[in-house]
Amino acid sequence: MKKGDKFKNNFKVSRKIYDEFKMLSNDKNPLHTNRAFAKKYGFSGKVMHGNILGAFISYFVGEMLPAKNVVLLSQELNFLNPVYLNNTLSFEATVVDFYKSVSVYEFKLTFKKKGEKIIASGKVRIKVLG
Amino acid sequence: MENKIILKKVNNIFKDVLDDKKIKINEKTTASDVQDWDSLTHIQLVVAIEKFFKIKFTSSELIKFKNVGDMVSAISEKLK
């Protein structure tokens, strides 16, 4: 991998993903589970858990990179716009730095909704083991 | 940049990475002197130092560092 390399994927926040994440996290906050509650605070429906995107990042690190011998070192994610059920997000990760001395890659990440609205942005650092 | 100033900046990086405001390193400090300075933390420290000073080490340079002082001297050389 080298600086500038890009990795892309589409992720759909399906009913299955929402239900499973809700069960896994045990986060049943009404913002995520009660439509009327979410609308009261200005959202157009139940807001999907932000850390569902964290799970998508886990897929990126574990399954999308050319090497499997990788470990996640750090992750930062800023949530800019809400995600709703059945939204499809286009994910892009770009290599922005490589620390050769310790085999660490830094990626800039973005999640966007159709129409190019940015949902979340952040960065992740991974180490190639061995 | 003087070694004394580099050491102070490296100390701040240690405090930040290890999330411990009480850390006080000196030129003789090694990993065994600092709680939580283990292999993964070491990687985070190297990345933070390279990023802060805008320098790059090689892996062979890293292996030669016996203490913080060696790293500070290497940083100083790279900043010249």
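Residues numbered from 1 in each chain as written. Chains lettered and ligands numbered in written order. Predicted model: local features only at pLDDT ≥ 70, side-chain atom pairs only at ≥ 80, totals over all residues. Heavy atoms only, no water.

Q: Just to check I follow, could you spell out the sheet that holds strand β2 (residues 70-79) of chain A for this structure?
A: Two pairing modes exist for strands in a sheet, parallel and antiparallel, and in both the strands are linked by backbone hydrogen bonds. Residues and elements named next belong to chain A. The strand order β1-β3-β4-β5-β2 describes an open sheet built from five strands, whose pairing is antiparallel. Single-partner strands in this sheet number two, and they are β1 (6-12) and β2. Between one strand and the next, the sheet's axes are offset by a mean angle of 20°, whatever the strand orientation. Direction of pairing for β1 relative to strand β3 (residues 88-99): antiparallel, over a ladder of seven bridges. Paired with Asn9 across the two strands is Phe91, which belongs to β3. (Pairing = 2+ DSSP bridges. Helix = DSSP H or I, 4+ residues; strand = E, 2+ residues; numbered from the N terminus. Axes fitted to C-alpha atoms, helices over the stretch in contact; angles between N-to-C directions.)

Q: Can you walk me through a nonpolar patch on the surface in this structure?
A: On the surface, B:Met1, B:Ile5 and B:Leu79 cluster together into a nonpolar patch covering about 260 Å² of accessible area. Mapped onto the secondary structure, B:Leu79 falls in helix α4 (residues 68-79). (Patch = residues over 30% accessible without salt bridge, like charges linked within 9 Å, V, L, I, M, F, W, Y side chains within 5 Å. Areas by Shrake-Rupley, 256 points an atom, 1.4 Å probe, with all protein chains shown as cover. Salt bridge = Lys/Arg side-chain N within 4 Å of Asp/Glu carboxyl O.)

Q: What is the right way to read the confidence of the model for chain B from this model?
A: The predicted coordinates of low-pLDDT regions are not to be read in fine detail. Per-residue pLDDT for chain B has a mean of 95; in total, 100% of the residues score no lower than 70. The ipTM assigned to the predicted complex is 0.87, against a pTM of 0.90. (pLDDT = per-residue confidence, 0-100.)

Q: How should unusual backbone geometry be read in this particular structure?
A: Negative phi values dominate among residues other than glycine, just as trans dominates among peptide bonds. All names here are of chain A. Its identity is not glycine, yet Asn86 carries a phi of approximately 70°, on the positive side. By the element assignment, Asn86 lies in the loop between β2 and β3. The exposure class of Asn86 is partly exposed, given its relative accessible area of 44%. (Buried < 20%, exposed > 50% of the residue type's maximum accessible area, 1.4 Å probe, protein only.)

Q: Can you help me understand the pattern of salt bridges in this one?
A: A side chain with one charge can pair with a side chain of the opposite charge if their charged atoms come near. The full count for this structure, using the stated rule, is 11 salt bridges over all chains. We note a salt bridge from A:Glu20 to A:Lys16, for which the minimum N-O separation is 3.3 Å. With A:Glu20 and A:Lys16 both in helix α1 (residues 15-25), this residue pair falls four residues apart, about one helical turn. Assessed through its relative accessible area of 57%, A:Lys16 is described here as exposed. Between B:Glu77 and B:Lys80 there is a salt bridge, with its nearest N and O atoms 2.8 Å apart.

Q: Sorry if this is basic, but what is going on with the interface of chain A and chain B here?
A: Counting residues at the interface gives 11 residues for chain A, matched by 12 residues for chain B. Here chain A and chain B share an interface that buries about 1000 Å² over both sides, 61% of which is from carbon and sulfur atoms. A per-residue breakdown of the area chain A buries against chain B is headed by A:Leu73, A:Tyr99 and A:Ser101, which together make up 52% of the total. At the boundary of chain A and chain B, one finds two salt bridges. The salt bridge involving A:Glu106 is made with B:Lys51; its shortest N-O contact spans 2.9 Å. (Contact = heavy atoms within 4.5 Å. Buried area = accessible area lost by both parts, 1.4 Å probe.)

Q: How should I be thinking about the layout of surface pockets in this particular structure?
A: Empty space among the atoms can be located by rolling a probe the size of a water molecule over them. Residue and element names in this part refer to chain B. Approximately 180 Å³ is the volume attributed to the largest pocket. Forming the boundary of the largest pocket are 13 residues, of which Trp37, His42, Phe65, Lys66 and Asn67 lie nearest the centre. When its residues are assigned to classes, the lining of the largest pocket shows seven nonpolar, four polar and two charged. (1 Å grid on protein atoms, 1.4 Å probe; cavity = no way out; pocket = protein on both sides within 12 Å on 5 of 7 lines; lining within 4 Å. Points joined across faces, edges and corners; volume = space filled by probe spheres on them. Nonpolar A, V, L, I, M, F, W, Y, C, P; charged D, E, K, R; others polar.)

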